[in-house]
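Inside the fold
Chain by chain, the residues:
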Amino acid sequence: QEALTERQVNKIVSAISSSDLHIFTDRGEFYLPTAVDSPITPTNVSFPKISPYGSGAVRPVDFDGGVVFIQTTGKTVRELVLNSTSTKYDLFTINLLASHILNAPVDMDVLYGQTDVSAQYAYLVNDDGTMAVYHSIRNQNIAGWTPWDTDGDVKAVCVLDTDVFIAVERIINSVTFVYLELMNNNLALDAGISLTSASDTKVWTGLTHLEGKNVSVNSGNLHLGKFTVTSGQLTTNDN
């Protein structure tokens, strides 16, 4: 057992193993230095302090060569990056120009790439049901944020290998449901479903999960318009 040496009481909220073991508390960030030729022993263990900002309850993530965490304020996303010329860590604010799309995040996860998409993304779920999505390619000096919202409230996000699952609370026909939705790069619609027919048809069924909703309908890259789902089906204007 080893204590963090501080003048104030710190509550440990999370830990993550990256280039070192990082300890996140509500009043600061620490790490456990390691070296190949100097294994950790009870006599040499120490926890240098990196910053005094403090981390919230959302689990930090290892992303694009750094460790991303949300400050206790819920409005600032910071990144710890090991300095290439020293053994110390640099600390950056990565949402300085996008603080308006962050609102007390409650969940975060990372997609490192897919078979058809090489880009990596960090997904942050806000307390108000929206999402903020961060993309970064450090060695190309590329980084950017975009807001995501939907007809409902996003509650949580989870990445399993190359699949991104989002829990979304939606009100369907005056009843509240929580759907587990799988992101699909081929569907540009929320809560979307792909339907095909062996013959020309205007009536499309199998849409009970969108009962009473005015939904968009696409055919390939063509937008056919918006139609209301009634009794689990809708009728388009054209076959």
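Structural data are supplied above this passage.
Structural notes, computed from the coordinates.

Criteria and cut-off values
- Along each chain, residues carry numbers from 1 onward, in the same order as the chain's sequence is written.
- Per-residue local features are limited, in this predicted model, to residues with pLDDT of at least 70; the limit for side-chain atom pairs, both in listing and counting, is 80 or more; totals at the level of whole chains, interfaces and linings are taken over all residues.
- Computation of side-chain values: all heavy atoms of the structure, hydrogens and water removed.
- For Phe, Tyr and Trp, rings pair up if their centres lie within 6.5 Å, where Trp contributes its six-membered ring, and each pair is then called stacked (planes under 30 degrees apart), edge-to-face (over 60) or tilted (otherwise).
- Each helix corresponds to a stretch of at least 4 residues labelled H or I by DSSP, and each strand to a stretch of at least 2 residues labelled E; elements are numbered beginning at the N terminus.
- Residue types Ala, Val, Leu, Ile, Met, Phe, Trp, Tyr and Cys, when buried and joined through side-chain atoms within 4.5 Å, form a set referred to as a nonpolar core.
- Each residue is placed in one exposure class: buried if its accessible area under a 1.4 Å probe, protein chains only, is under 20% of its type's maximum, exposed if it is over 50%, and partly exposed if it falls in between.
- Contact criterion: two residues are considered in contact whenever any of their non-hydrogen atoms come within 4.5 Å of each other.

**Looking at the packing of aromatic side chains**
- Tallied over the entire structure, the rule returns seven aromatic pairs.
- Ring centres of Phe63 and Tyr134 lie 5.8 Å apart, and the angle between their planes is 55 degrees; on these two criteria the pair is classed as tilted. Of this pair, Phe63 sits in strand 5 (residues 61-63) while Tyr134 sits in strand 11 (residues 131-137), and the two are 71 residues apart along the sequence.
- With centroids separated by 5.8 Å and ring planes inclined at 50 degrees, the aromatic side chains of Tyr123 and Trp148 adopt a geometry described as tilted. Of the two residues, Tyr123 sits in strand 10 (residues 121-125) while Trp148 sits in strand 12 (residues 142-148), which places them 25 residues apart along the sequence.

**What to know about the environment of Gly192**
- By the element assignment, Gly192 lies in the loop between strand 15 (175-182) and strand 16 (203-204).
- Residues Gly192 and Ala132 lie 60 residues apart in sequence; the distance between their C-alpha atoms is 20 Å.

**Quick look at the nonpolar core**
- Counting residues in hydrophobic clusters, the biggest one holds 17 residues, and the most contacted among them are Phe63, Val68, Val77, Leu102, Met108, Leu124 and Trp145.
- Looking at this core, the elements with two or more residues in it are strand 5, strand 6 (66-70), strand 9 (107-111), strand 10 and strand 11.
- Excluding anything up to four places from it in sequence, Leu124 contacts Ile70, Val77, Leu102, Pro105, Asp107, Met108, Thr130, Met131, Ala132 and Trp145.
- Counting residues in each nonpolar core, the second largest holds eleven residues, with Tyr123, Met131, Val133 and Val168 among its members.

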